[in-house]
Amino acid sequence: MAEELIAGRYRLLEPLGRGAMSSVWRAEDEELGRPVAVKLLAPSAERERFEREARAAASLSHPNIVQVFDFGEAQDGRPFMVLELLPGGSLEDRLRDARPLPDDETRRIALEVAAGLAHAHERGLVHRDLKPANILFDGEGRAKIADFGIARMTGTGTLTEAGTVLGTAAYISPEQASGATAGPASDVYSFGVILFRLLTGALPFVSANAMELVRLHRDAPPPPVASQRPEAPPVLAALADDSLAKDPAARPADGAAVLARLRGDESTAATQVLRVPPPRRRRPLVPAVLVAALLLAGGAVAAIVLTDNGDSGAGTTSVQGLTLPPVSTEGSTSVAAPTTTATPTTPTTTAPTTTAPPTATRPPTTTAAAPPTTTTLPTTTLPATTTVPPTTTVPPTTTAPPTTTVETTTAETTTSSAGSSGGSG
């Protein structure tokens, strides 16, 4: 059939693959002058299923899903579909050596397959036959999901009867093995088998008998990835193990959930998160300041008592070189009264030599409010060697000074961060 012209424009050049349902050819689109893959339905295959595959694939448009260019009927009545040509071979070709792929390559392929699955699942399409032979690579090495021959649209009927087992035995999910309806989590299980093989170079279950293999997927617990390859990347190994859970509800729900976990792993590997511990809280300085202020106030009282004539009015007291501000007797609020400097009317009294404290303030009074008065006190002469610092006003002792609480915020710094359509159905 080589050199046959399909639909007057697609010239078949050489076969790329053949199966029970279809054959795939490398061809030339003579109208657009580009290489393509042409998939022809086998004479004995189900036409409805082939058309269903074409519609399913054509409903998707994603870099990681093989693109459908055309669909039609050949001169002899056989339906065909035209797909993008993927010359990079299949994932099955890369796994033939029964050795794990390099971890970086495994992570990249897993990300691309998960992205394609997420796109299909978001549009209600379940592949139902995900396997390495249906993952093809383009000329740039990008993975693409191919062969939606038994794909199922969510919410639609199925071409198979209840209890029919569909899928490839080595990658079939437990629910498919039981004849139950396949959902997005079924594709996740098949993805888990593929990831297990990428990481270990082997399948979780092996048997020469297809029915026994189906039973193992349905009933037997899979071995953990770490039991086959302890040094496998922990995040990828955990994803493979979780995807192989027997209960669909225990697996990642769909392709989007798988993709999120893989992207989280990629982000973690590229981003370093630094946690800055909060600064140690210092002990409040208020008690120490209060004690010092009380001591200073005591010194001031001593100096005033030496010259006080018994007048207890709450006014402004003038001492040579030292001025005390007025103190309000109304609660804990300090209100300054007008400052009046009195002229000395009594003989100057020389106080004993006293070293003035660093700061002098008058303690608050708790007596009832009285109108401000002016008290005239004798002038107290301080020694020439004493330097009196600026006046400090101390809050009333009847109300404890408010303690200021500094809120410490912990900053989190983030640095980031068909094919060859080889599937022949």
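All values reported here derive from a predicted model rather than from experimental measurement.

## Observations concerning the confidence of the model for the protein
Here is step 1: The share of residues in the protein with pLDDT of 70 or more is 57%, and the mean pLDDT across the chain is 73.
Here is step 2: Averaged pLDDT values for the elements of the protein fall to 39 in strand β14 (residues 412-415) and rise to 98 in helix α8 (residues 234-243).
Here is step 3: Scored below 50 in pLDDT, residues 420-425 shows 28 contacts in the model against residues more than four places distant or in partner chains.

## A short note on the sheet that holds strand β5 (residues 68-73)
Here is step 1: Here 6 strands make up an open sheet; going across it, the order is β1-β2-β3-β4-β6-β5 and the pairing antiparallel. Bordering the open sheet on either side are β1 (5-6) and β5, each of which pairs with just one other strand.
Here is step 2: Across 8 bridges, strand β3 (residues 22-29) lies against strand β4 (residues 34-41) in antiparallel orientation. Within β4, the position partnered with Arg-26 by the bridge is Ala-37.

## Observations concerning helix α5 (residues 184-200)
Each turn of an α-helix holds 3.6 residues, which means side chains three or four residues apart point in the same direction.
Here is step 1: With 17 residues, α5 ought to run about 24 Å at 1.5 Å a step, and its terminal C-alpha atoms sit 25 Å apart, in line with that.
Here is step 2: Burial analysis of α5 places 16 of its 17 residues in the buried class, which makes it a mostly covered element.
Here is step 3: Once α5 finishes, Gly-201 follows within two positions and takes phi at roughly 85°, a positive value.

## A short note on the nonpolar core
Here is step 1: Counting residues in hydrophobic clusters, the biggest one holds 67 residues, and the most contacted among them are Leu-91, Phe-191 and Leu-262.
Here is step 2: With sequence-adjacent residues up to four places away left out, Phe-191 is seen in contact with Ala-110, Val-113, Ala-114, Leu-117, Leu-130, Leu-239, Ser-243, Val-258 and Leu-262.

## Structural notes on the packing of helix α3 (residues 103-122) against α5
Here is step 1: Put simply, α3 and α5 touch, their axes get as near as 11 Å, and they point 170° apart. Regarding the angle of α3 to α5, the classification is roughly antiparallel. Every residue of α5 that contacts α3 at Asp-103, Thr-106, Ile-109, Ala-110, Val-113, Ala-114, Leu-117 and His-121 is listed here: Pro-184, Asp-187, Phe-191, Leu-195, Leu-198 and Leu-199.
Here is step 2: Considered class by class, the residues forming the contact of α3 with α5 number 10 nonpolar, 2 polar and 2 charged.

## Description of unusual backbone geometry
Here is step 1: Even without being a glycine, Ala-7 presents a positive backbone phi close to 55°.
Here is step 2: With respect to the secondary-structure elements, Ala-7 resides in the loop between β1 and β2 (10-18).
Here is step 3: On the accessibility criterion, Ala-7 (40% relative accessible area) is partly exposed.
Here is step 4: One non-glycine residue, Ala-98, lies in positive phi territory at about 55°.
Here is step 5: By the element assignment, Ala-98 lies in the loop between α2 (91-94) and α3.

Quick notes on the rules
Residues numbered from 1 in each chain as written. Predicted model: local features only at pLDDT ≥ 70, side-chain atom pairs only at ≥ 80, totals over all residues. Heavy atoms only, no water. pLDDT = per-residue confidence, 0-100. Helix = DSSP H or I, 4+ residues; strand = E, 2+ residues; numbered from the N terminus. Contact = heavy atoms within 4.5 Å. Pairing = 2+ DSSP bridges. Expected span 1.5 Å × (residues − 1). Buried < 20%, exposed > 50% of the residue type's maximum accessible area, 1.4 Å probe, protein only. Core = buried A, V, L, I, M, F, W, Y, C linked by side-chain atoms within 4.5 Å. Axes fitted to C-alpha atoms, helices over the stretch in contact; angles between N-to-C directions. Parallel < 35°, antiparallel > 145°, perpendicular 65-115°, else oblique. Nonpolar A, V, L, I, M, F, W, Y, C, P; charged D, E, K, R; others polar.

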